Amino acid sequence: NADSAGYEETLANGYYTMAIQLTDTGDVVWGVVEGARVLAGELAHRTYQLTTDVNRGGLDLAISDSLANPIEITLSGAVAELTEGNSMTVNATTSEPVDSYQWYLQGATLSGETGSSVTVGSTLSPATYWLSLVVTEDGIVSSESVEFEVVAASPGIAGTETRITPSTASQNLPGISGEKIVWQDDRDASQEIYMYDLSTDTETRITTNSAEQYRPAVSGDIIVWSDWQNDNADIFQYDISTSTISSITTAFGLQEVPDIDGNRVVWREGRNDNWDIYTYDLSTDTESAVTTHSVDQYQPAVSGDRVMWSDDRNGNYDIFMYNLATDTEVRLTTESAEQSNPAISGNHIVWQDERNGDSDIYLFTIAP
């Protein structure tokens, strides 16, 4: 009937290869191949329960009453989910040498695939598939199968990928503004700041002292970073147009994690025995404290006159904003869970939020 199917046959003692396929209007939607061992007076049987999974658009398979496999087969390299157009290579190892291998997909023989490995997937449409292997040794048959799903590829973006840093050392924490890319680089034994100009295809080492320089950010012609050359973490700047380096801060305590937008530089400041947020206006050479609360403020970000950060003053981290033009501070999040790592561009603010038990990304759009 339409809901079930079965097959039964009396066979002589021995090993057999059993194949089963499920079709829908002539198309194979599922299939598997197994090795079966038949003994006198015993019933070798297998039950497959197939259910439609609406979310996956495929089939779920529950198997009971395993058939005997005297040769143990281990399959490696298979993935549960494969993006359409990609492929995977599955390798088989057996508990003892075997005479032959034959691979099957959806119960159909994969022509020419008679080795210990097989590559599948690149031509498959989104669906659930079963890949099976049958091995034989001196008349003995064993089998193993794996289930995988091919999922539709996300819409791609036309373009090219380019490796910017060819060095074998580590390059981390990149930033970009226009044609300028910056990062911290340890190819010179200490962390240094490097820049790559996309318009000229040239790389420039910005810092050359033996101290640690890290966490760069760039906006226009100005690069900022945290620098230990004075035995203390200060904020330094490099002007690309004049090739000059100068310090922005020289205060006691740590100044770290700078961000920059235009003439505005922000960083987390440790001079007051806790982390505060400070800002510096490059156009007027003036420094000011954004926060001086007795608890910690972390992870500053800036866009125009707006400064964002993560703030612990209420017993958990919330997102706060300060408007430098109006000298007003606003608490954006009031959830009891943690909100952290804010970023801002114009009227759009994003952050990492744990109110749902794991980390999600939230967006706040400032009304015009």
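It should be noted that the structure appears before, not after, this text.
Bear in mind that the values here come from a model prediction, so they are computed numbers and not experimental data.

**Q** I would appreciate a short explanation of the environment of Ile248 in the present structure.
**A** Mapped onto the fold, Ile248 is located in the loop between strand 20 (244–247) and strand 21 (255–261). What makes Ile248 buried here is its relative accessible area of 9%.

**Q** Would you explain the pattern of salt bridges in this entry?
**A** Any two side chains of opposite charge can pair, given that their charged atoms come close. Tallied over the entire structure, the rule returns 15 salt bridges. Arg264 is the salt-bridge partner of Asp281, the closest N and O atoms lying 3.4 Å from each other. Of this pair, Asp281 sits in strand 23 (residues 276–281) while Arg264 sits in strand 22 (residues 264–269), and the two are 17 residues apart along the sequence. On the accessibility criterion, Asp281 (13% relative accessible area) is buried. In this structure, Arg355 engages Asp353 in a salt bridge whose closest nitrogen and oxygen atoms are separated by 2.8 Å. Judged by its relative accessible area of 30%, Arg355 falls in the partly exposed class. The exposure class assigned to Asp353 is buried, which follows from its relative accessible area of 0%. Within the structure, one salt-bridge network assembled from shared partners comprises Asp185, Arg187 and Glu203.

**Q** Would you mind going over the sheet that holds strand 14 (residues 180–185) with me for this structure?
**A** Paired through backbone hydrogen bonds, the strands of a sheet run either parallel or antiparallel to each other. Read from one edge of the open sheet, 4 strands run 13-14-15-16, paired in antiparallel fashion. The open sheet has two edge strands, strand 13 (171–177) and strand 16 (202–205), and neither has a second partner. Averaged over all pairs of adjacent strands, the angle between their axes in this sheet comes to 20°, without regard to strand direction.

**Q** Hey, could you run me through the sheet that holds strand 5 (residues 73–76) in this one?
**A** Overall, antiparallel pairing links the 3 strands, which are arranged 5-7-10 in an open sheet. A single partner strand is all that each edge strand has here, and the edge strands are strand 5 and strand 10 (117–120). Adjacent strand axes in the sheet meet at a mean angle of 20°, parallel and antiparallel pairs treated alike.

**Q** I tried to follow unusual backbone geometry on my own but got confused; where do I start?
**A** Across residues other than glycine, the phi torsion is negative in most instances, and most of the peptide bonds are trans. Of note, the phi angle at Ser243 is positive, near 55°, even though the residue is not glycine. By the secondary structure assignment, Ser243 is in the loop between strand 19 (234–239) and strand 20. A positive phi angle is found at Val257, which is not glycine, with a value near 55°. Summarising the element assignment, Val257 is placed in strand 21. Under the relative-accessibility criterion, Val257 is labelled buried at 19%.

**Q** I tried to follow the nonpolar core on my own but got confused; where do I start?
**A** The nonpolar side chains of a soluble globular protein tend to be buried, and buried together. Counting 22 residues, the largest nonpolar core has Leu75, Trp103, Leu131, Leu133 and Phe148 as its most contacted members. Secondary structure elements with two or more residues in this core: strand 5, strand 7 (88–94), strand 8 (100–105), strand 10, strand 11 (127–137) and strand 12 (140–151). Ranked by residue count, the leading element in this core is strand 11, at 4 residues. Contact partners of Phe148, with chain neighbours within four places excluded, come to Val79, Ala80, Met88, Leu105, Val120, Leu124, Ala127, Thr128, Tyr129 and Leu131. In terms of nonpolar packing, the next biggest core, distinct from the first, is built from 11 residues, Ile222, Val265, Tyr278 and Leu282 among them.

Thresholds, definitions, all that
- Residues numbered from 1 in each chain as written.
- Predicted model: local features only at pLDDT ≥ 70, side-chain atom pairs only at ≥ 80, totals over all residues.
- Heavy atoms only, no water.
- Helix = DSSP H or I, 4+ residues; strand = E, 2+ residues; numbered from the N terminus.
- Buried < 20%, exposed > 50% of the residue type's maximum accessible area, 1.4 Å probe, protein only.
- Salt bridge = Lys/Arg side-chain N within 4 Å of Asp/Glu carboxyl O.
- Pairing = 2+ DSSP bridges.
- Axes fitted to C-alpha atoms, helices over the stretch in contact; angles between N-to-C directions.
- Core = buried A, V, L, I, M, F, W, Y, C linked by side-chain atoms within 4.5 Å.
- Contact = heavy atoms within 4.5 Å.

Interpretation in functional terms is not warranted from these geometric data alone.
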